[in-house]
Structures are given as C-alpha cells and as structure tokens.
Amino acid sequence: MSKLGFIRRFEPLTPSRLIEKAVETAEWIEQYAHEEGDAKYWDVLPGGEQEGSFLLRETGIYGGAPGLALFYLRLYQVTNEEKYLQNAKAGVNYAISKYKGKEDYVAHTDFLPGASIGFLNGPAGGAYVASRLYEITEEEKYKEYALRVTDDLIASAKEEDGKIFWYGDYGIIGEGSLILYLVDAYETYGEQRFIEAANKGAKYIVSKREEAPVGGYRWYAMDTEKFPTIGKAGGYFPGFEYGAAGSGYILATVYVHTKDEELLETAKGAATYIQNVAVYSEDHEAALVPYNDTYLQGLYYLGVCQGPVGTSRLFYKLYDITVDETYKKFILALTNGILATGAPAKHSEGYWRTNCYCCGAAGMLEHFINIHKLTGNGDYLKAAKDAAETLIGESTHDFIKNHTNWYTQWNRHEPWKSEAYTGLYHGSAGCASSLIALAQYLLGGTYGPSYLEDPYRNLYARI
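No experiment lies behind these values; they were computed from the predicted model shown.

K.L.:
Give me the lowdown on the overall build of the protein, citing residues and values where you can.
P.N.:
Each helix and strand in the protein was counted, giving 15 helices and twelve strands. When the backbone C-alpha atoms are referred to their principal axes, the protein occupies close to 65 × 55 × 40 Å. Buried residues in the protein amount to 61% of all 463 residues. Restricting to contacts in the protein with at least 6 residues of sequence separation, those with at least 24 account for 67%. Here the protein has roughly 17100 Å² of accessible surface; of this, 49% comes from carbon and sulfur atoms.

K.L.:
Lay out the packing of helix α14 (residues 378-394) against helix α15 (residues 428-444) with the relevant residues and their values.
P.N.:
Orientation of α14 relative to α15, taken along the N-to-C sense of each, is 145 degrees, at an axis distance of 10 Å. Helix-helix and strand crossings are classified by hand; for α14 and α15 the assignment is left-handed. Touching L381, A384, K385, A388, L391 and I392 of α14 are C431, S434, L435, L438, Y441 and L442, all from α15. Its residues assigned to classes, the contact of α14 with α15 shows ten nonpolar, one polar and one charged.

K.L.:
Please give an account of the pattern of salt bridges that cites residues and values.
P.N.:
Across all of its chains, the model carries 21 salt bridges by this definition. A salt bridge links E30 to K40, with the nearest nitrogen and oxygen atoms 3.0 Å apart. Pair noted here: E30 is in helix α1 (residues 15-30) and K40 is in strand β2 (residues 39-42), with a separation of ten residues, a long-range link. Looking at K40, the relative accessible area reads 8%, which means it is buried. Because the salt bridges share partners, they merge into one network encompassing R132, E135, D184 and R457.

K.L.:
Describe the nonpolar core, naming the residues involved and giving the relevant values.
P.N.:
As a rule of thumb, nonpolar side chains are buried together in soluble globular proteins. Judged by nonpolar contacts, the single largest core of 165 residues is most densely connected at F71, Y181 and L314. Broken down by element, the residue count for this core peaks at ten residues, all from helix α2 (residues 65-79). Excluding anything up to four places from it in sequence, L314 contacts A245, G248, Y249, A267, A270, A271 and I274.

K.L.:
Any chance you could break down the environment of I195 for me, citing the residues and the numbers?
P.N.:
Locating I195 in the fold gives a position in helix α8 (residues 192-207). Looking at I195, the relative accessible area reads 4%, which means it is buried. Each C-alpha atom of the pair I195 and Y242 lies 22 Å from the other, and the pair is 47 residues apart in sequence. With near-sequence residues (within four places) excluded, I195 lies in contact with V183, Y186, H257 and T258.

K.L.:
Run through the packing of aromatic side chains, naming residues and quoting values.
P.N.:
Throughout the structure, instances matching the rule amount to 25 aromatic pairs. An angle of 80 degrees between the planes, with centres 5.7 Å apart, marks the rings of F119 and Y128 as edge-to-face. Looking at F119, the relative accessible area reads 1%, which means it is buried. A relative accessible area of 0% means that Y128 is categorised as buried. Relative to Y451, the ring of Y357 has its centre 4.0 Å away and its plane inclined at 5 degrees; by these criteria the two rings are stacked. A residue pair is termed long-range when its members are at least 10 positions apart, and Y357 in the loop between α12 (325-340) and α13 (361-375) and Y451 in the loop between β11 (446-447) and β12 (461-462) qualify at 94 residues. Across the pair, Y451 and Y357 agree in class, each one buried. A cation over a ring is seen here: R132 above Y128, with NZ or CZ 4.5 Å from the ring centre. The aromatic ring of Y217 is capped on one face by R209, whose charged end is 4.3 Å from the ring centroid.

K.L.:
Could you give an account of helix α9 (residues 244-258), with specific residues and numbers?
P.N.:
An ideal rise of 1.5 Å per residue puts 21 Å on 15 residues; α9 measures up with 21 Å between its terminal C-alpha atoms. Of all 15 residues that make up α9, twelve are buried, and the element is covered over most of its length. Contacts made by the buried residues of α9 are with α7 (176-189), α8, β6 (217-218), α10 (261-277) and α11 (308-322).

Conventions adopted
Residues numbered from 1 in each chain as written. Predicted model: local features only at pLDDT ≥ 70, side-chain atom pairs only at ≥ 80, totals over all residues. Heavy atoms only, no water. Helix = DSSP H or I, 4+ residues; strand = E, 2+ residues; numbered from the N terminus. Buried < 20%, exposed > 50% of the residue type's maximum accessible area, 1.4 Å probe, protein only. Contact = heavy atoms within 4.5 Å. Areas by Shrake-Rupley, 256 points an atom, 1.4 Å probe, with all protein chains shown as cover. Axes fitted to C-alpha atoms, helices over the stretch in contact; angles between N-to-C directions. Left-handed = near helix turned anticlockwise from the far one by under 90°. Nonpolar A, V, L, I, M, F, W, Y, C, P; charged D, E, K, R; others polar. Salt bridge = Lys/Arg side-chain N within 4 Å of Asp/Glu carboxyl O. Core = buried A, V, L, I, M, F, W, Y, C linked by side-chain atoms within 4.5 Å. Phe/Tyr/Trp six-rings, centres within 6.5 Å; stacked < 30°, edge-to-face > 60°. Lys NZ or Arg CZ within 6 Å of the ring centre and 35° of its normal. Expected span 1.5 Å × (residues − 1).

What follows is the structure in structure tokens.
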C-alpha cells in the first residue's frame, strides 16, 4: 500500500518537507531568544537550568548561541531568507560580546577541565562559526574575532619539550578539539603559526599513547570512577569523543599538512586497536565497537560521541590519506553495524531515546548521507531517508503554533529525564539541522556549513 500522500504529514520525503520541519523548529527556538543589542542568545533548556551544566554554556557551540548560529546558517543556505543570516550573526555576536580573552582558557572545574575550555564548550566554537560567517559575508569583524581567539588559545597553552597542552585532557570532548580548530584556522586563513601550534598539540597526544594489549595504540581518557555514567575505574575507550578514534583522528588531520610520519603511524595504531577490539558479524560485513575496553564490553554506543558514526571518521581520514581499501571496508562494516541493530528506528542500551546529533538519529542521518556520497550505494541513501522519517516521527508538533521540537533523554544514566533542549549537538536545532543536510543533498549534493570534526566535507562542493 502506498503512503497517504494526500495527508501532508505522511507524504514522501522531499526537500521542501524537510525544510518545512526545520523552519517550524526555528520558530519554536525563537520563543526563547533574548536580544542584547546586535547580539542574541537562546535558552539552552527552556524552563530549566540555563548555565553551569556540563557542555551547556550559552556561549558554547555544543548547546549555546554559536551552535544555533550554525543551524541558522544552514537554514539560510537552503531558504535564502535574510532573517536566518541575521540570527546567525546575532548568535556569533553574542559570543563575541562575552569573550574575555585568555581568561576564557582558564578552567574552573576539577573534572575534565580541558572540556571546559575546549572547542565544544569554550570560545573556539564561536570563532569557528565566525569564520564561516566571514566566508559568506566577508565582514571583517568575524575574521578579526576568529584570529583573536586563535592567537589567545595558542598563547594560553603550556609548552613542554616542544609540545603544547592546556590541562592534559586530549580527547575531542576536551582540548584535543582545539587542535582540530587550529587546523581549520590554518586552512581558512593560511597563518603558519596555527599549523605549527597544531603540530605541537598533536605531539603531546602522541606522547600519551600506550600500547594496547590487543595491539595498536590506546589512550587513558579519564578517571572514569568520577564519570556519572560509569562510577568505577576503566579509563580506556575506543570511540571518538573521548577515545582512541578521536585521538587518532586529530593526529591524522594534522598529518595532512605537516607530513609528520609519527603522527600518521600513531593514527594507524589507533585504527589497529579499534579493529582488534571490534565485534564482527560472521561474514565480517558488519561490526560494532564496545563502549569501553576494560568493562561493559556488551555496551555498544551507536552515534557520534562513542559509536560507529564518530569512530568511522578516523578510518575515513586514513582512507583519504592512504587510499587503503581496508579502511574503507571498515567504514562500511561500522555503518552496516548500525543498520544491523535496527537503528535508528529500534533503540538499544547504547542508543537510548536520545534525539540529538551527538548520540542519536540526527548524527546517524548525516553519516548515512556521507556514506552514500562515498559509495554511491542506494541502500545508504534509503537509510538516510529512513533516519529522517524516524526523526520526524520522534518530534513533537504544536498544531496551534505550528512549532516542532524534540524531547530527549540526553543522559543515559538519567532515563527519567526527557527534556526539550534548543542546541545543536544535543537539542532540537541539531535534529532540524540534519534534516536540512538531507534537503541540501537531495537538492544538489552541496554541503554545509559543516561541523568542525566531520571529515566527509571534502566529498562535497562547499557552500
């Protein structure tokens, strides 16, 4: 039986339908906007705690104004409506207005202080979006801000034996992402000092590698007995945001510009470790990687943060560098692993009801688009469309106001909390942003603006 095409909600997916849902989400978000001159911020959690929670600063790209600015830039790209560009500017202007300089690279927390000042939570996130605004508008204020932030983060680093770090939290969730930011700043502005600093940061990560019992390299990510989702020791993770995949990805990204063979060799070692701890289907066509390699081996995250979506990024970067087909084969195995679980429609212990980009269906949707672009295999485009349908089905629609948002159980250890965040990585903006990405793709294969840590962007014509 065909779909009920005569009822709008059940029509086949089209770019216009996807964009319509994103516009409805923007209208919901705008209820929670606060203007300060030419700047604007939005409530991170409408009706709830706004500031102080981990990764939820109003000035951070993860949950705050810069992330919403990136969402509005995407919406501007597909609608050409000036109000969305103005919202993007206002969000970055807010980050600019709150910037304190090198003081913003001082952490005031004992747990993962590098995450407090890193790309996701600190000023570099806003500077990244400022650079995207500069590329679109050529307004010098955004370039000037990005350069100031970049110089300040380099100046605030500690240097030992030709290596730099800030607090020693070298994962992507921490300060390791600042190295990715430095690479992007170098690619955008061509300043040699940026890539030199990135290389010194990469050398620090190399110095922290350990030989894994199964072969390859791993990193001790954190004292996990302090982590609320764990509560006991076991600080080795294979995944992306705070594991070996992320560390290897950072090194491979810097290698592209420096050709430092130690970085590439270590990144390959990270890949070896991940492949060796992975669990494979009988035909080896599908694979999943455990959340942690010292315990909880039966827990498999499926999203960006610690699942196949993020982990595959290391393997794509290595494939792009080496053209070694074994890396591409593992990307497809990880992708097939997601699909073999029944995700995104079917939930599991490592894919709880988290409607967001970081660890939910939104990140999977963008991943499936990328894998279709990489392979041309129509199964992955179908998976992207299925993910979009799942996301739309998980959304909450207000028929009176014609608004759309998403409720999410963001924390796996707090399944009773279902809340509607506004943000990019963990809120409604990220869900809507992934729908825009699919609309962009169906309209002609363009891409962007992209997330900093997404390597697949080089497959597309950048906008």
